[in-house]
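# Notes for the structure review
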Amino acid sequence: MKKGQVLEGIVEKVVFPNKGIVITEDGKEFVVKNCIPGQTVSFSVRKMRKGKCEGRLLNTLKKSSIELQEWSCPHFGECGGCAYQNLSYESQLKLKENQIRELLAPVLSESGVDFERVFEGIKESPRQFAYRNKMEFSFGDTEKDGPLALGMHKRGSFYDIVNVEECKIVDEDYHRILICVRAFSEAKKISFYHKLSHEGYLRHLLVRKAVKTGDILIDLVTSTQTEGFDETAVLAELKEQILGVSYDGKIVGILHTRNDSLADVIRDDGTDILYGQDYFYEELLGLEFKITPFSFFQTNSLGAEVLYETAREYIGGSLGTVFDLYSGTGTIAQILSPAAGKVIGVEIVEEAVEAARENAKRNGLANCTFIAGDVLKVVDAIEEKPDFIILDPPRDGIHPKALSKIGLRFRPERMLYISCKPTSLARDLQMLQEYGYVVERLCCVDMFPGTGHVETCVLLGRK
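Since this is a predicted model, take the numbers as computed values, not measurements.

## Some details on the environment of Leu274
Along the polypeptide, Leu274 turns up in strand β13 (residues 271-276). For Leu274, a relative accessible area of 26% puts it in the partly exposed group. Setting aside its immediate chain neighbours within four residues, Leu274 contacts Leu235, Lys239, Ile254, Leu255 and His256.

Take a look at the structure:
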C-alpha cells in the first residue's frame, strides 16, 4: 500500500469530529473525513503511521440509506464549512448523540455511573438554518490565478476559496453584504492577500448581526499594503456602496481593521470606524450584552438561550459564591447571578473582561466581579471558597494543573462543565472523577446545525 493509492470501502461509523471509519474489502480500517455512515466511498491514501491509516475522500460511490437525495445548500460538498447538510435534521441529532455516547459512556463507567441513567439526550437548535450571528469570510480565488472570490475555504484546501452567496446557515443580509463587497472589489481590481507570498490587500470580511434587534456590524480586514491605489477614497466609496443596499436589518457600523499577521487569522492591529459605531447590543434571556467585532459570543444566539436555560435548570436554586472560570464576556455569570450571592469570573482576555464588567453594570448586576488573568495562576490568588464552579473552557479544555487546583483545592460540592469539544471533555472528566466527582446530569445542545460540532452540558457532584 502506497501514499496516493486509491481504495474503496464502506463507512462503518463517524466519530467526533467528522471522522469516518472506513473499512476496505480486505478489512483494513481508514479514517476519512466528510463521510456519512453507510456510504460506499473511494479515497486516496494519505498517511500510514503506527498502525493508523488516513485517507482523503474522493467520491461517494453509493449513498447511505440515511442520506438525503437532495439538499438545500448549493455549496455543500465544495465548501468546507458544513459536514451534515446532506442529512435530515433528525439524523444529524441522532448522529451527534451517538458520538457523545461512544465518547463519554466508557469514561462514566470508570466511576460506576451508567451513562443512560444520567444522559438526557440532545436539545435542538431553535433554528436549523440562518442561525449564525457572526461569519468570517475570506478573500482569495477559487483556483490558482482565478477570479476574486469571497467566502469560505474549499473543503480540504488551505488556499482555495468558495463563493458562498447562498450559504444556508446565515440570513439574506449576509448574502447581500457579501455580493456587494465582492463586486466592488472586483470592479476596483484590488488584490487579495496571498498566503504564500504575503502580498496583497484584501484579507477578510467580518459580519455580525444581532438576532433580536437586527443590528449589523461590518468589518473589512486588510493588510497595510496600499501601493497603487488611494485607500481612503476606496474605503469611502465601499462604505457608500454597502449603505446603498437594502437590508432586512439595520447597519449600525462599518469598520476597517488592519492586520499584517503572517498567519491566516483575523487580528486587530488597529481599527477605524468608517460609519456609525463599533458595537451593538444582543439580548439573551432578558439581559443585554455589548458585542464588538472581536468579542467572544456564542454564534447561535437562540441556541445559546437553550444552553443557558439548561445551565440554570441544572444549577437549581439559590447558591452562595460561584466561580465562573473561563468566563469570556461574562454571559453565563450574569445569567446565573440572580441565583447567587456572589459571582467571580476569571478570563485571560482583557478585552472580554472589560466587556463583562460593562455588561454587568448595564444589566444592574452588582454581585458580579470579573478578574483578568490565566485561570491556572489566578485560582492561587483567590482566597474565597466557592460553593459552585462553572467551567466553560476553550476547545482544548482545561490545563491539567488548573484542573487539579480546581478539583483538589476548592473542592466545591458541585460543578457545571460546558464543553464545545467532547474529546476534551472526555479527558477532563477522567481527571475530575479521580478527584472524587461523578456525573449527575448530562445533555447536549445542538448549537451548530449542519456541522459536526455540538455543545455538552455536564453537572458533577462530589462523592
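After presenting the structure, the write-up continues.
## What to know about the packing of helix α3 (residues 172-188) against helix α4 (residues 231-243)
At their nearest, the axes of α3 and α4 sit 10 Å apart, and the two run at 145° to each other. Crossing hand, α3 versus α4: right-handed. Along its contact with α3, which presents Cys180, Val181, Phe184 and Lys188, the element α4 presents Val234, Glu237, Leu238, Gln241 and Ile242. Its residues placed into classes, the contact of α3 with α4 shows six nonpolar, one polar and two charged.

## What to know about the pattern of salt bridges
Pairing between side chains becomes possible if they bear opposite charge and their charged atoms approach one another. Within this structure, the stated rule accounts for 28 salt bridges. A salt bridge links Arg362 to Glu288; the nearest nitrogen and oxygen atoms lie 2.6 Å apart. You can see Arg362 sitting in helix α7 (residues 350-362) and its partner Glu288 sitting in strand β15 (residues 287-291), a full 74 residues away along the chain. According to the relative accessible area criterion, Arg362 is partly exposed, its value standing at 43%. Among the ionic pairs, Arg357 bridges to Glu354, the shortest N-O distance being 2.9 Å. Remark: Glu354 and Arg357 occur in helix α7; sequence separation between them is three residues, near one turn of the helix. Residue Arg357 is classed as partly exposed on the basis of its relative accessible area, which comes to 37%.

## Quick word on the sheet that holds strand β5 (residues 52-62)
Adjacent strands of a sheet form backbone hydrogen bonds with each other and so pair up, either parallel or antiparallel. Read around the barrel, five strands follow the order β1-β2-β3-β5-β4 and close on themselves; strand pairing throughout is mixed. Each strand of the sheet is rotated relative to its neighbour by a mean of 50°, with strand direction disregarded. Pairing of strand β2 (residues 19-24) with strand β3 (residues 29-33), which is carried by five bridges, proceeds in the antiparallel orientation. When the bridges of β3 are listed, Gly20 appears paired with Val32.

## Details of a positive patch on the surface
Judged by side-chain charge, Lys3, Lys19, Lys33, Arg46, Lys47, Arg49, Lys50, Lys52 and Arg56 come together as a positively charged surface patch. Looking at the positive patch, the elements that each hand over two or more residues are β4 (40-49) and β5. With three residues, β4 is the single largest residue contributor to the positive patch. Looking at where Arg49 falls in the secondary structure, it is placed in strand β4. When its relative accessible area of 55% is taken as the criterion, Arg49 is described as exposed.

## Some thoughts on the packing of helix α1 (residues 89-109) against helix α10 (residues 422-434)
The contact between α1 and α10 brings their axes to 10 Å, and the two run at 10°. Classed by the angle they form, the pair α1 and α10 counts as roughly parallel. Along its contact with α1, which presents Ile100, Leu103, Leu104, Val107 and Leu108, the element α10 presents Pro422, Thr423, Leu425, Ala426, Leu429, Gln430 and Gln433. Class assignment of the residues belonging to the contact of α1 with α10 gives a composition of nine nonpolar, three polar and no charged.

## So, the packing of aromatic side chains
In total, this model carries eight aromatic pairs according to the counting rule given. Ring geometry for Phe158 against Tyr159: centres 5.1 Å apart, planes inclined by 80°, an arrangement best described as edge-to-face. Over the ring of Tyr279 we find Lys290, and its NZ or CZ is 4.6 Å from the ring centre. For Arg362, the ring lying beneath its charged end belongs to Tyr281, and the centroid distance is 3.7 Å.

## Remarks on the nonpolar core
If you look at the biggest cluster of nonpolar residues, it comprises 76 residues, and the most contacted ones within it are Phe137, Phe139, Leu205, Ile242 and Leu416. In this view, Ile242 contacts Cys180, Val181, Ile218, Tyr247, Ile251 and Ile254; residues no more than four positions away in its chain are not counted. Ile100, Leu108, Phe323 and Ala426 belong to the second largest nonpolar core, which has 44 residues in total.

## Points about a nonpolar patch on the surface
A surface patch of nonpolar side chains, amounting to about 350 Å² of accessible area, comprises Phe158, Tyr159 and Leu196. Its place among the elements puts Phe158 in the loop between β8 (148-153) and β9 (161-163). A relative accessible area of 46% means that Phe158 is categorised as partly exposed.

## What to know about α4
With 13 residues, α4 ought to run about 18 Å at 1.5 Å a step, and its terminal C-alpha atoms sit 18 Å apart, in line with that. Of all the residues in α4, the buried ones are Val234, Leu235, Leu238, Lys239 and Ile242. Angularly, the buried residues of α4 cover 140° about the axis, an arc narrow enough to put them on a single face. Buried residues in α4 make contact with α3, β11 (215-222), β12 (250-258) and β13. Two or three places before Thr232, at the opening of α4, Asp230 has a side-chain oxygen 3.2 Å from that residue's backbone nitrogen.

Cut-offs used in this document
Residues numbered from 1 in each chain as written. Predicted model: local features only at pLDDT ≥ 70, side-chain atom pairs only at ≥ 80, totals over all residues. Heavy atoms only, no water. Helix = DSSP H or I, 4+ residues; strand = E, 2+ residues; numbered from the N terminus. Buried < 20%, exposed > 50% of the residue type's maximum accessible area, 1.4 Å probe, protein only. Contact = heavy atoms within 4.5 Å. Axes fitted to C-alpha atoms, helices over the stretch in contact; angles between N-to-C directions. Left-handed = near helix turned anticlockwise from the far one by under 90°. Nonpolar A, V, L, I, M, F, W, Y, C, P; charged D, E, K, R; others polar. Salt bridge = Lys/Arg side-chain N within 4 Å of Asp/Glu carboxyl O. Pairing = 2+ DSSP bridges. Patch = residues over 30% accessible without salt bridge, like charges linked within 9 Å, V, L, I, M, F, W, Y side chains within 5 Å. Areas by Shrake-Rupley, 256 points an atom, 1.4 Å probe, with all protein chains shown as cover. Lys, Arg positive; Asp, Glu negative; His and termini not counted. Charge placed at Lys NZ, Arg CZ, Asp CG, Glu CD. Parallel < 35°, antiparallel > 145°, perpendicular 65-115°, else oblique. Phe/Tyr/Trp six-rings, centres within 6.5 Å; stacked < 30°, edge-to-face > 60°. Lys NZ or Arg CZ within 6 Å of the ring centre and 35° of its normal. Core = buried A, V, L, I, M, F, W, Y, C linked by side-chain atoms within 4.5 Å. Expected span 1.5 Å × (residues − 1). Arc of directions from axis to C-beta. Polar contact = N/O pair within 3.5 Å; in protein donor to acceptor, adjacent residues only side chain to side chain.

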